[in-house]
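# Structure at a glance
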Amino acid sequence: MTFTRPQKTSWIVTLRSTVIPTFALLALFAATALADDFIPRAQDKPPGPPLSPAEAVAKMTVPDGFKVELVAAEPDVMNPVAMAIDERGRFWITESFEYPRHSAGPGRDRVKILEDTNADGAVDKVTVFMEGLNIPSGIAVGHGGAWVVNAPDLLFVQDTNGDGIADRQEVVVTGFGREDTHELPNALTWGPDGWLYGLNGVFNNCYVKYAAENPNFTADHPGWHFTAAMFRINPHTKEFQIFCEGTSNPWGIAFDKEGSAFVSACVIDHLWHLVQGGYYHRQAGAYPPHTWKIESIVQHKHQKAAYCGITYFDSPAYPPEYRGHLYMGNIHGGCINVDAIERKGSTYVGTPRPDFMTANDAWFMPVAQKVGPDGALYVLDWYDRYHCYQDANRDPEGIDRGRGRLYRVRYQDAPYAKDFDLGKASNEELVAKLGDPNVFVRETAQLLLQARGDISLDKQLLDLVKSENTPPTQRLHAAFAIIGRASQISMEGTKTSREIGTLSDPLLKVWGLRMAANLIGSIAMQNGPENETEMSALSLISKGIESPDPRIQLEALNTLAVAYEGRSPTVNTISALTKYLTIANPDPLLARMSWRAIKSMYRSTGAPPSFSAYGDKGQLIADNAVAQSKLGSLLIPRLLDWMLDDPQTTPKSLAAAVSSLKSRGQTDLVARVLRRLAERTQNRELQGEALTQLQRLITPLAVDVLTDPKHDLFLDATMLAASWKNPAGFKAAEEVLKATRFSDDQRIAALDALIAADQPSALTEAAALLAKPDQAGPALRGRILASLGRLDSPAVGTAVIAAYKSLEPELRPRAIELLSQRASWASQLLTAMGDKQIPSGDMNVNQARRLSEL
């Protein structure tokens, strides 16, 4: 459905001409019924009545020289959620009247195309591209169609006859959750590498699988289970991947001039630099085992923490001081925040800049920000008094479903874009646009080149990339254009990635590695002889790891991890990784991504015997060069914990690691191992042959310190030896239990070790301490009573009853509680009460009831 709004037509006539449903008409005037004193969540005062579009613009403040212009408003746009701008400069906007509906299925929502046909800066033509949707929370346009997230599905929708109305659609993947409909998949954004990126929130569980029409579909594919994550899709092959995980409710993706990814997030820190395979701090939910999380890049906050949308602004339409920054919508703050980003090693640091736009209107809700063909910033405004999901769930009928605005922030009299249509441009014209100073123009030209199937483009683009005479921006975007076509040129990409990755420009080296990683990640690879793609990647990885540039090191580590995720390490890969671990002086992100590479390479079922020198985590710990490096000192404790939790860790490997650590004097790490082994033995996690082998290999490394109570390992060695029923360990543990110079925690640990080993002296020594207040304070004796509950011996009852009169009043209820836990002890307790050893009044009703049940 297409309609053109006549000039000077009243709003009411326009509403009728567009066939807007009755509910929308009513909603336009519903605000007058609001209580004057109502204060929505996260707001400081009643929002007041809504403003007309003209009134809203008049109240907005922007820096000197700028002005806010209304591009579109209700009824042309209502309840807007997401926005994309296509190669013709048209605005694709999704509208949702269903929000906050949880159930899937057809709905009243739609996708509109808004056009300014006469280049006067205002929308005058509106086409309903698609209807029947249910909270379409993300949209991108490219590769011949529109990509729309309509949970649980991600759709690829096409207009095959050119009338502006969708007539063909396919489900690419399905399984996005709808548990939390303000954390739905969102922010579909084309990445420099040609993949389509998106986000999902921390409280929205997803179980994504390929749809039946996807060429990658197989009935037995396990799919992906995730919550907070950045995902991506290859538009050529329809392949789906999880790019990284973590943050909170991220809603907005931006790529800077180097192609680095940034997202804005809510509740927690607001700005994050995301890298492939990274795992970031989560607002909520469990981390995978042995995660070394990555933190945000900011230490400041803007107003209230509810962000929606982010864009990297780079356009000559604004003065230089406004370029090269990230612009983010702050819903609770009612403004557009700005952060400057600066390189810091392998990552960035974000610092605050003055707010760019302030609405001074509580109804303002900026949900998306984009740079347009004219170089101005465009802001999409949901416009509702309810900012928070809690209000929307509590009062869904109170959501204003009849308003929405699209603004342009224009500097002075910067011209509007006229006759803009990059889709009609030739290959040569698009290649020239790759260096355009307007980020929208160059990225759109890049996307069009990535989508075109003309193979002759590849040589033309590669020649441009290889020439040092090519302007830097055009050169980098030409590389992006090549990388985004890599799945089309298949294995030829191997040669191309190597050519790009060996150029002198550091950023081209980074993206040559990224191209290799994308190729390897998308090509089914077998264990065995390294094929050409692997060998090419390994060459780049080895050189990248040795590079002094942390950006290149980061991408080399990422490529290594992608290439060998879940595969057995090889001589070359282990050599490259070990070399990096021994020479690196990493920043925090590099350290964490080194850990990710190790986990990827050692997650397989085991290394081939020929790689035994480094094919085991224990051997990596034992490497003295690694241990002596700064990075090694950070990673070895994590390796130890992983080894101890990994069922594939062999006793021999663990013993070798302990021996190496002990010989290097790293007693804190040895103590960590001994402590964990004692805990696992006492919990019966270690049993059978594995326990026997560990006792044979580890005991000699522990018992030699049992005669020296001052040794750093004495206590941990004592607990382990006692747990393993070693006579010297029993003796040392009994001494610890009796000696007042040790802490209560240490004495209880000794008692627990003796109890776990079924050593009779455990009860003997415990009974003696219960009866001797001068040898153990009430806190310790209370804990002794708790530990005795692990025994199943009538002698426990005898010991506790004998010591009862020596117990402080606050401990006596705990003693009776203990005695009422087992039938034999309960019988002794009743006898003691009958003999007046224990006053019957000391027992409470619940304990008496338990006794009757026994």
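What you see is a predicted model; the values in this text were computed from it and never measured.

The next thing to look at is the packing of aromatic side chains. Any two aromatic rings considered together are summarised by their centre-to-centre distance and by the angle between their planes. A full pass over the atoms with the stated rule returns 32 aromatic pairs. Ring centres 4.8 Å apart and planes at 85° place the aromatic pair Phe66 and Tyr318 in the edge-to-face group. Here Phe66, found in strand β2 (residues 66-73), pairs with Tyr318, found in the loop between β21 (307-313) and β22 (325-330); they are 252 residues apart in sequence, far enough to count as distant. Comparing Phe66 with Tyr318, the two get one shared label, buried. With a centroid separation of 5.7 Å and 35° between ring planes, the pair formed by Tyr318 and Phe356 is classed as tilted. Taken as a pair, Tyr318 in the loop between β21 and β22 and Phe356 in strand β24 (residues 347-358) lie far apart in primary sequence, 38 residues in all. Assessed through its relative accessible area of 3%, Tyr318 is described here as buried. For Phe356, a relative accessible area of 2% translates into the label buried. An aromatic cluster is present here, built from Phe66, Phe313, Tyr318, Tyr322, Tyr327, Phe356 and Tyr411 joined pairwise through their rings.

A separate point is the sheet that holds strand β19 (residues 271-274). The strands that make up a sheet are held in pairs by hydrogen bonds between backbone atoms, and each pair lies either parallel or antiparallel. Overall, antiparallel pairing links the three strands, which are arranged β17-β18-β19 in an open sheet. Among the strands making up the open sheet, the edge pair consists of β17 (253-255) and β19. Neighbour to neighbour, the strand axes of the sheet diverge by 30° on average, direction disregarded.

Next up on the list: the pairing of β22. Consecutive side chains of a regular strand alternate in pointing toward one face of the sheet and then the other. The element β22 is extensively covered by neighbouring structure, given that six of its six residues are classed as buried. In β22, alternate side chains face the same way, and those of His325, Tyr327 and Gly329 on one face and Leu326, Met328 and Asn330 on the other are all buried. Sheet analysis places β22 next to strand β23 (residues 335-344), joined by six bridges and oriented antiparallel. Among the inter-strand pairings, His325 is bridged to a residue of β23, identified as Ala340. Connecting β22 to the next strand, β23, in antiparallel fashion are four residues, including Gly334 with a positive phi near 65°.

Pro75 follows Glu74 through a cis peptide bond whose omega is 10°. Topologically, Pro75 is positioned in the loop between β2 and β3 (80-85). With an omega of 15°, the peptide bond between Ala151 and Pro152 qualifies as cis. Mapped onto the elements, Pro152 comes out in the loop between β8 (145-150) and β9 (153-158). Positive phi, normally seen in glycine, also occurs at Gln412, with a value near 45°. Positionally, Gln412 belongs in the loop between β27 (405-411) and α5 (427-433).

Attention now goes to the confidence of the model for the protein chain. Put simply, the protein chain has an average pLDDT of 88, and 91% of its residues get 70 or more. Here residues 605-614 is modelled with pLDDT under 50, and outside its nearest four sequence neighbours on either side it reaches 18 contacts, counting other chains as well.

Criteria and thresholds
- Residues numbered from 1 in each chain as written.
- Predicted model: local features only at pLDDT ≥ 70, side-chain atom pairs only at ≥ 80, totals over all residues.
- Heavy atoms only, no water.
- Phe/Tyr/Trp six-rings, centres within 6.5 Å; stacked < 30°, edge-to-face > 60°.
- Helix = DSSP H or I, 4+ residues; strand = E, 2+ residues; numbered from the N terminus.
- Buried < 20%, exposed > 50% of the residue type's maximum accessible area, 1.4 Å probe, protein only.
- Pairing = 2+ DSSP bridges.
- Axes fitted to C-alpha atoms, helices over the stretch in contact; angles between N-to-C directions.
- pLDDT = per-residue confidence, 0-100.
- Contact = heavy atoms within 4.5 Å.

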